[in-house]
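Coordinates in review
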Amino acid sequence: MFAKPIPGRTTAAAEGNVVLFLIGMRINHFWAPHHWLPVFLAMPRMLRELSRDPQSGLLGYQLLTGSPRTYYVVQYWESEEKLLKYAAAPQQLHRKAWAMINRFERKSRQHVGIWHETYIVPPGSYESIYGDMPPYGLGAATGTLPIERRGATARERFAHGAKGAESAEGPESAEGREGQEDAS
């Protein structure tokens, strides 16, 4: 439950595109829990469903709150295709939850707000740094590496991703790089 910090500076071991999905809700009227509570409870069930299926494409997530009214989830996905496949799958909880939310929205206008944003971030357009932190965010979703493997500055870490995108060899796994670097 309580992750141990990794001493020093690390960076995410992400390779290729990063699919970032943000989804959340805002409680507009606290006095109407029968309108917002079903929406609030739907997300943990979907996250459990996704976490139990390693083929789902969900790499990791972070539950966050912006205020006593606002709750959201930052999700990291393997690919845009897997995110869209989950969203459209009739046998998965998302479709059932979305239908329920649409029914509630018609009946309970303005009691609860919902939103989502999706970003497909290409290599060379993201970088990360974690100092004395347990795995968190993108690093928790993809693993971490000592910062030196990607560069000491943000500019170098961005360049690492851009070089990876231009490589004809394709992305390598973090383990593959470790073995190559240790051998040299």
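Placed above this text is the structure.
To keep things clear, this report deals only with the structure shown in the data block. A quick note: this is a predicted structure, and the numbers were derived from the prediction, not measured. (Residues numbered from 1 in each chain as written. Predicted model: local features only at pLDDT ≥ 70, side-chain atom pairs only at ≥ 80, totals over all residues. Heavy atoms only, no water.)

Points about unusual backbone geometry
Note: most peptide bonds trans; most residues except glycine with negative phi. Here is the rule we go by: Working definition: helices are DSSP H or I runs of at least four residues, strands are E runs of at least two. Numbering for both runs from the N terminus. The classification of residues rests on relative accessible area computed with a 1.4 Å probe and restricted to protein chains. Under 20% of the type maximum is buried, over 50% is exposed, and intermediate values are partly exposed.
The residue Asp 132 is not glycine, and still its phi comes out positive at about 50°. Tracing the chain through its elements places Asp 132 in the loop between β6 (130–131) and α4 (137–142). Note on Asp 132: relative accessible area 52%, which makes it exposed.

Looking at the environment of Leu 22
Short version of the rule: Pairs of residues are marked as contacts when any of their non-hydrogen atoms sit within 4.5 Å.
Tracing the backbone shows Leu 22 in strand β2 (residues 18–27). Through-space distance from the C-alpha of Leu 22 to that of Tyr 119 is 8.5 Å; in sequence the pair is 97 residues apart. Setting aside residues no more than four positions away along its own chain, Leu 22 makes contact with Val 73, Val 74, Trp 115, His 116, Glu 117 and Tyr 119.

Observations regarding a nonpolar patch on the surface
As a reminder of what qualifies: The patch calculation keeps residues exceeding 30% relative accessible area without a salt bridge and links them within 9 Å when they carry like charges or within 5 Å when they are nonpolar (Val, Leu, Ile, Met, Phe, Trp, Tyr). Using the Shrake-Rupley algorithm and a 1.4 Å probe, accessible areas are obtained, with residue cover drawn only from the displayed protein chains. One speaks of a salt bridge when a side-chain nitrogen belonging to Lys or Arg is within 4 Å of a carboxyl oxygen belonging to Asp or Glu.
Where nonpolar side chains cluster on the molecular surface, the patch consists of Leu 37, Phe 40 and Leu 41 and spans about 230 Å² of accessible area. Of the residues examined, Leu 41 reaches a relative accessible area of 39% and is grouped as partly exposed.

What about the side chain of Ser 79?
Heads up, the rule is: The definition of a polar contact used here is a pair of N or O atoms within 3.5 Å, where within protein one atom must be able to donate a hydrogen and the other to accept one, and adjacent residues in sequence count solely through side-chain atom pairs.
Locating Ser 79 in the fold gives a position in the loop between β4 (70–77) and α2 (80–88). Engagement of the side chain of Ser 79 in a polar contact is seen with the backbone nitrogen of Lys 82, the distance being 3.1 Å.

Examining the sheet that holds β2
Defined as follows: Two strands qualify as a pair provided DSSP detects at least 2 bridges between them. Simply put, an axis is a line fit to the C-alpha atoms, just over the touching stretch for a helix, and the angle between two N-to-C directions goes from 0 to 180 degrees.
Strand order in this open sheet of 4 strands is β3-β4-β2-β5, and the pairing throughout is antiparallel. The open sheet has two edge strands, β3 (58–65) and β5 (112–121), and neither has a second partner. Strand-to-strand twist across the sheet, computed as the mean angle between neighbouring axes with direction ignored, equals 15°. Pairing of β2 with β5, which is carried by 10 bridges, proceeds in the antiparallel orientation.

As for the side chain of Ser 128
You can see Ser 128 is positioned in the loop between β5 and β6. A relative accessible area of 10% means that Ser 128 is categorised as buried. Separated by 2.9 Å, the side chain of Ser 128 and the backbone nitrogen of Ala 12 make a polar contact. Contact partners of Ser 128, with chain neighbours within four places excluded, come to Thr 10, Thr 11, Ala 12, Ile 147 and Arg 157.

Some details on the environment of Arg 69
Here Arg 69 is to be found in the loop between β3 and β4. Along the chain, Arg 69 and His 29 lie 40 residues apart, while their C-alpha atoms are 8.8 Å from each other. Every residue in contact with Arg 69, bar those within four places of it in the chain, is listed here: Met 25, Arg 26, Ile 27, Asn 28, His 29 and Phe 30.

Digging into the pairing of β3
Pairing analysis gives 7 bridges linking β3 to β4, with the strands arranged antiparallel. Within β4, the position partnered with Leu 58 by the bridge is Trp 77.

By themselves, these are just geometric observations and shouldn't be taken as functional.
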